[in-house]
Amino acid sequence: MTGWRGEGETKRCCYKCFAGFGAISFRDFYETALWKATVLTHASFIASVLASGCYISEICNLPGFKHGMITADLMHCGDLGVLLYLLGIVIWELIMEMGGVWSNCKEQINHILSLIRTASRMLKLSKQPLNNLTIGMIKGVGSSSPKLKVKASAARHVLRCMRYALEHLLPMETPHARQRFLVVKHFCDMYEHLQHSVGMTSMQEAATSCKKALILWGELRNADIDPANANGWQKRGYFLWRLYPKHHLLVHIFDDQMLISGNPIDHWCYADESEIGAAVSLAATLQYSHLHTSLIDKHRLS
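What comes next is a walk through the structure. (Residues numbered from 1 in each chain as written. Predicted model: local features only at pLDDT ≥ 70, side-chain atom pairs only at ≥ 80, totals over all residues. Heavy atoms only, no water.)

### Notes on the side chain of Arg12
Counting through the fold element by element, Arg12 comes out in the segment before helix 1 (42-51). At 2.8 Å, the side chain of Arg12 and the backbone oxygen of Cys14 are in polar contact. (Helix = DSSP H or I, 4+ residues; strand = E, 2+ residues; numbered from the N terminus. Polar contact = N/O pair within 3.5 Å; in protein donor to acceptor, adjacent residues only side chain to side chain.)

Below, the structure is given as structure tokens:
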């Protein structure tokens, strides 16, 4: 779609604007962010592609097609992106606060799992969000940044449980612990507003909650990379509150995409993923020589 080979000289990482790793930082979530003045229209997107000599997709030749119709998916940006980073970070910080290290933290992990299960019961969820929790699901190697490995729907359930655990089952004795809780709380509020939406007001409240969470996340990142922080990333050798382009894309979902496409939950990819799973299960029962026609006939036409 963009013809990029890497991020180029400007270190750009967004197809909706000129935000990147350089002067126009994608990590800025305030209203005064420089990237907000570079949000692309259809005409400016085409012009930027032509100026760079990149291939223009044939989809742009479809009658009525606009650049704004290319939408970011909340499931992949949120549930399978930002939420997994957040949950991995929070769980790993709790492990460290309880005295665990990467090579020896089974006791701490079991305790956190019990807290999540307790929260699930208190919240009266239909089922436990996690059957098991291992260090490999939280942090691949000792020097890697945390990211929880769970499915999308489980991530949202774990998020609710983590909010309850942080608020009711664990001490919140430091400013850092309070700020960490607020990040979790604001993302919970974001999903609540979207899932129980009563119109644009609810979606605007979701957008506000998202921005509050990201601004706090940015502050936690700045504290983590502060050279004066004795417990910062320099000592550990890896980042905790790391920011990725998916954090930035999440803002676009609420800032401009929602005005065109409406509530992002109404068209996220859960339905597509379910269809793919059902098709795969059916394909396993069909003859290979007639797989394509039989799958279309039985799965989509019957």
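### Notes on helix 2 (residues 74-97)
Where helix 2 bends most, the angle comes to about 35°, and this point is Leu83. A large share of helix 2 lies buried, amounting to 20 of its 24 residues. Trailing helix 2 by a residue or two, Gly99 shows a phi angle of about 95°, which is positive. (Bend = angle between axes of the 7 residues up to and from the residue. Buried < 20%, exposed > 50% of the residue type's maximum accessible area, 1.4 Å probe, protein only.)

### A look at the pattern of salt bridges
Taken as a whole, this structure holds 10 salt bridges when the rule is applied. When the shortest N-O distance is used, the salt bridge between Lys16 and Asp256 registers 3.7 Å. Residue Lys16 is found in the segment before helix 1, and its partner Asp256 is found in helix 8 (residues 245-261); the two are separated by 240 residues along the sequence. Beyond isolated ion pairs, a larger network of salt bridges with shared partners links Glu31, Lys36, Lys211 and Asp255. (Salt bridge = Lys/Arg side-chain N within 4 Å of Asp/Glu carboxyl O.)

### Some details on helix 3 (residues 106-122)
Given 3.6 residues per helical turn, the α-helix brings residues three or four places apart onto the same face. Helix length check: helix 3 (17 residues) gives 24 Å between terminal C-alpha atoms against 24 Å at 1.5 Å per residue, within 8%. On its buried face, helix 3 sits against helix 2 and helix 4 (152-169). (Expected span 1.5 Å × (residues − 1). Contact = heavy atoms within 4.5 Å.)

### Structural notes on a nonpolar patch on the surface
The grouping of Met200, Leu259 and Ile260 at the surface amounts to a nonpolar patch, some 320 Å² of accessible area in total. On the secondary structure map, Ile260 appears in helix 8. Owing to a relative accessible area of 59%, Ile260 belongs among the exposed residues under this scheme. (Patch = residues over 30% accessible without salt bridge, like charges linked within 9 Å, V, L, I, M, F, W, Y side chains within 5 Å. Areas by Shrake-Rupley, 256 points an atom, 1.4 Å probe, with all protein chains shown as cover.)

### Points about the packing of helix 2 against helix 8
Two numbers describe how helix 2 lies on helix 8: the axes approach to 10 Å, and their chain directions differ by 135°. Of the possible angle classes, the one that applies to helix 2 and helix 8 is oblique. Both helix 2 and helix 8 take part in a crossing whose hand is left-handed. Listed contacts from helix 8 to Leu74, His76, Cys77, Gly78, Leu80, Gly81, Val82 and Tyr85 of helix 2 are Lys246, His247, Leu249, Leu250 and Ile253. Looking at the contact of helix 2 with helix 8 residue by residue, the classes come out as 8 nonpolar, 4 polar and 1 charged. (Axes fitted to C-alpha atoms, helices over the stretch in contact; angles between N-to-C directions. Parallel < 35°, antiparallel > 145°, perpendicular 65-115°, else oblique. Left-handed = near helix turned anticlockwise from the far one by under 90°. Nonpolar A, V, L, I, M, F, W, Y, C, P; charged D, E, K, R; others polar.)

### Section: the packing of aromatic side chains
Taken as a whole, this structure holds 5 aromatic pairs when the rule is applied. When the ring of Phe187 is compared with that of Trp217, the centres are 6.4 Å apart and the planes differ by 85°; the resulting orientation is edge-to-face. Linking Phe187 in helix 5 (residues 175-195) with Trp217 in helix 6 (residues 200-225), this pair joins segments that are 30 residues apart in sequence. By relative accessible area, which is 1% here, Phe187 ends up buried. Taking relative accessible area as the criterion, Trp217 reaches 0% and is therefore assigned buried. Plain terms: the ring middles of Trp217 and Trp241 are 5.4 Å apart, the flat faces sit at 85° to each other, and that makes the pair edge-to-face. Here the residue Trp217 occupies a position in helix 6, and Trp241 occupies one in the loop between helix 7 (233-236) and helix 8, the gap between them amounting to 24 residues. Residue Trp241 is classed as buried on the basis of its relative accessible area of 2%. Joined through ring pairs, the aromatic side chains of Phe187, Trp217 and Trp241 make up one cluster. If you follow Lys139 out to its NZ or CZ, it ends over the ring of Trp92, 5.3 Å from the centre. (Phe/Tyr/Trp six-rings, centres within 6.5 Å; stacked < 30°, edge-to-face > 60°. Lys NZ or Arg CZ within 6 Å of the ring centre and 35° of its normal.)

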